[in-house]
Amino acid sequence: MEAIQRASNIFPSLFKTKPLNSSHFTQTFMARCLARYLSTQAMPNQAMPNSYQRPNQAMPNSYERPNQAMPNSYQGPNQAMPNSYQRPNQAMPNSYQGPNQAMPNSYQRLPSHGDRVFQSPSQRPPELVDNMNQFQEPRAYTSPMEDLIKFCKEGKAKESIETLEAIEKQGIQLEPNMVFAILQVCGDSKALEEGKSVHDYIMRCPFRNLYMYNKVMEMYCKCVSMKDARHVFDRIPERNLDSWNLMIKGYASNDQGDEALQLFGHMRGAGVSPTGETFVSVLLGCSVLESVEEGFIHFESMEKDYGVSPQVEHYAGMVEVLGRSGHLTEAEEFVDRMMTPPPILVLETLKNYGSIHGDIDLVDRVEEQLIAFDPSREAQKSNAPKVLPPRKRLGLNMLEGKNKVNEYRAGTNPQKGEAYERLKGLSGQMREAGYVPDTRYVLHDIDQEAKEQALLYHSERLAIAYGLISTPANTPLRIIKNLRVCGDCHNAIKIMSKIVGRELIVRDNKRFHHFKDGKCSCGDYW
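The structure displayed is predicted, hence computed values, not measured ones.

What counts, and at which threshold
- For every chain, the first residue of the written sequence is number 1, and numbering continues from 1 along that sequence.
- Selection of residues for local features in this predicted model requires a pLDDT of at least 70, selection of side-chain atom pairs for listing and counting requires 80 or more, and totals for whole chains, interfaces and linings are taken over all residues.
- The side-chain figures draw on all heavy atoms in the structure; neither hydrogens nor water molecules are used.
- Numbering of helices and strands runs from the N terminus; a helix is a DSSP stretch of H or I covering at least four residues, while a strand is a stretch of E covering at least two.
- Only protein chains enter the accessibility calculation, which uses a 1.4 Å probe. A residue is then buried if its area is under 20% of the maximum for its type, exposed if over 50%, and partly exposed in between.
- By definition in these notes, contact holds between two residues if any of their heavy atoms fall within 4.5 Å.
- Helix span, as expected, comes to 1.5 Å for every residue beyond the first.
- A fitted line through C-alpha atoms represents every axis, and for helices the fit uses only the stretch in contact; the resulting angles, taken between N-to-C directions, go from 0 to 180 degrees.
- Two helices that cross are described as forming a left-handed crossing if the nearer one is turned anticlockwise from the farther one by less than a right angle, and a right-handed crossing if clockwise.
- Gly is put with the polar residues, along with every residue not named as nonpolar or charged; the nonpolar set is Ala, Val, Leu, Ile, Met, Phe, Trp, Tyr, Cys and Pro, and the charged set is Asp, Glu, Lys and Arg.
- Two strands are counted as paired when DSSP detects at least two bridges linking them.
- By convention a crossover is right-handed if, when the strands point away from the viewer, the path from the first strand over the helix to the second runs clockwise.
- Aromatic pairing here means that ring centres of Phe, Tyr or Trp (its six-membered ring) are within 6.5 Å. Orientation follows from the plane angle: under 30 degrees is stacked, over 60 is edge-to-face, and everything else is tilted.
- Two thresholds decide whether a charge sits over a ring: the Lys NZ or Arg CZ must be within 6 Å of the ring centre and within 35 degrees of the ring normal.

### So, the overall build of the chain
The secondary structure content of the chain amounts to 22 helices and eight strands. Split into buried and exposed, the 526 residues of the chain put 37% on the buried side. Partitioning the intrachain contacts of the chain with sequence separation of at least 6 by distance along the chain shows that 60% fall at a separation of at least 24.

Right, here's the structure in full:
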């Protein structure tokens with residue numbers, strides 16, 4: 001006010017006019033000052049355009065009528081005021097606009113990515129959203145033991161081993177049940193290297209016992225590493241029935257029938273009585289080897305020697321032994337001789353091998369029996385897969401001599417008569433040397449004399465007889481056979497080798513047998 005009063009006294013003297021009306025001058029000047037003041041308060045950091053800038057700058061157009069537009073100044077309560085104070089409900093760029101409105105480039109700072117500003121979550125890059133979610137939804141803490149249980153349930157072998165190693169570094173010892181769970185995961189996923197890590201961990205633990213060793217063997221068998229399983233089996237301080245059964249089953253399941261049957265022999269030699277579970281694995285081993293004769297021997301010895309009554313799985317195992325080796329007629333006869341109506345498992349096994357070998361008639365006959373058990377199968381019969389035409393497996397022998405290999409088929413060789421005569425002559429000498437025919441290897445339902453006659457003319461014996469009359473004396477005979485040699489022929493050929501003074505080498509579909517001086521290289525086990 002003091003400045004205004006001084007200005008009112010100075011202006012008249014400068015322009016030599018009458019003193020201005022103090023109240024009129026004051027009102028006009030104050031209005032202009034108020035407008036300038038308010039404009040500077042609206043945006044303190046911005047320039048004040050076209051308004052009061054320097055004291056010495058001219059101020060255009062002094063007093064103007066109230067209704068006239070006043071550029072860059074106060075124009076009335078209902079008019080727009082550019083770059084100046086505006087009503088609270090209008091947008092104020094770069095200024096505060098109200099508690100419920102967005103404030104860009106001001107107090108409310110939006111997340112940015114580089115030089116871009118994203119107004120909504122959908123506009124943000126995926127990596128930015130992921131990073132924000134990490135802060136918005138923190139992961140709950142879980143202990144290593146909880147992680148181990150989770151990985152075992154999910155069947156993750158590698159993650160389970162990594163967690164096991166982390167737990168061991170912390171000095172924590174796992175309970176046996178957790179170790180068994182990890183072994184189960186490694187075995188089911190066939191993770192051999194991870195399984196070996198668990199085995200190493202067990203060897204460092206003080207609570208090792210027979211049950212844990214058996215679990216390790218079971219894991220190795222599932223991982224198809226019978227060498228590692230046998231290594232554990234041979235080095236455990238004691239064995240129980242489960243230990244023997246695990247190893248025999250492991251060999252048979254991994255197509256190592258020879259080893260399975262050989263271990264079964266060691267089991268009996270150790271005085272351990274086999275059970276029904278043992279014979280299921282033994283029959284599986286016979287099936288792998290296509291050894292029909294040995295399969296029948298073990299099947300009959302179950303109840304006779306060990307008091308184990310055959311169950312459904314044992315009958316199905318015998319059907320598999322016969323069917324896998326191509327003896328479908330014998331397999332069907334075996335099923336028909338069962339005391340009770342054959343179970344579905346046995347019939348399904350027989351039908352399966354009928355399909356494999358292309359015996360359509362057998363498949364149809366078995367299907368009729370299955371429909372009798374389950375009439376709903378009638379609707380499925382039309383969708384049954386077609387099978388190949390029937391085929392029959394023939395006994396084939398190859399006789400090697402004079403630097404060449406001759407094929408010998410029973411009933412087709414031109415010197416068949418001479419071979420039969422030579423074989424009859426050997427038969428008498430063999431009986432004198434102690435040979436007794438083992439008629440258990442004859443599957444046909446015929447009398448005892450006919451069974452002995454059938455054994456005499458097995459194809460490998462005829463091949464040897466033909467070799468004896470067609471090759472120089474004292475030279476080895478090599479017989480190649482596409483079927484497995486039966487037990488009776490094996491005993492007979494041993495005696496033949498001693499009588500004729502020759503080395504008889506017989507190669508069946510599984511191995512070589514070197515017969516010399518009444519002995520065989522297989523040690524009477526094959």
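### Brief notes about helix α11 (residues 257–269)
Spanning 13 residues, α11 covers 18 Å between terminal C-alpha atoms, matching the ideal 18 Å at 1.5 Å per step. What α11 keeps buried is the set Gly257, Asp258, Ala260, Leu261, Leu263, Phe264 and Met267. Residues of α11 that are buried make contact with α9 (226–235), α10 (241–253), α12 (276–289) and α13 (292–306).

### Topic: the packing of α11 against α12
Viewed as axis vectors pointing N to C, α11 and α12 meet at an angle of 140°, and their least axial separation amounts to 8 Å. Two packed elements cross with a definite hand, and for α11 against α12 that hand is left-handed. On α12, the residues touching Gly257, Asp258, Leu261, Phe264 and Met267 of α11 are Thr278, Phe279, Val282, Gly285, Cys286, Val288 and Leu289. Within the contact of α11 with α12, the residues separate by chemical class into eight nonpolar, three polar and one charged.

### Considering the pairing of strand β6 (residues 504–507)
As paired elements, strand β5 (residues 477–481) and β6 share four bridges and run parallel to each other. The partner of Ile480 across the bridge, within β6, is Arg507. In this fold, the crossover linking β5 to β6 by way of helix α22 (residues 487–500) has right-handed handedness. The sheet contact formed by β6 and strand β7 (residues 512–516) spans four bridges and is antiparallel. Looking at β7, one finds that Ile505 is bridged to His514. Hairpin connection of β6 to β7: four residues between the antiparallel strands.

### Here we look at the packing of aromatic side chains
Under the counting rule described, the total for this entry stands at eight aromatic pairs. Note on Phe180 and Tyr211: the rings are 5.1 Å apart at their centroids and 80° apart in plane angle, and the pair reads as edge-to-face. Here Phe180 is found in helix α6 (residues 176–188), whereas its partner Tyr211 is found in helix α8 (residues 210–222), with 31 residues between them in sequence. Among the residues examined, Tyr211 registers a relative accessible area of 48% and is labelled partly exposed. Their ring planes at 40° and their centres at 5.9 Å tell us that Tyr315 and Phe334 sit as a pair that is tilted. Pair noted here: Tyr315 is in helix α14 (residues 312–324) and Phe334 is in helix α15 (residues 328–336), with a separation of 19 residues, a long-range link. These aromatic residues form a ring-pair network of at least three members: Phe296, Phe299, Tyr315 and Phe334. Arg239 extends its terminal NZ or CZ atom over the ring of Phe233, reaching a point 4.3 Å from the ring centre.

### So, the environment of Gly354
By secondary structure assignment, the location of Gly354 is in helix α16 (residues 344–356). Along the backbone, Gly354 and Glu332 are 22 residues apart, and their C-alpha atoms lie at a distance of 9.8 Å. Not counting the four nearest positions on each side in its chain, Gly354 is found in contact with Leu328, Asp359, Leu362 and Val363.

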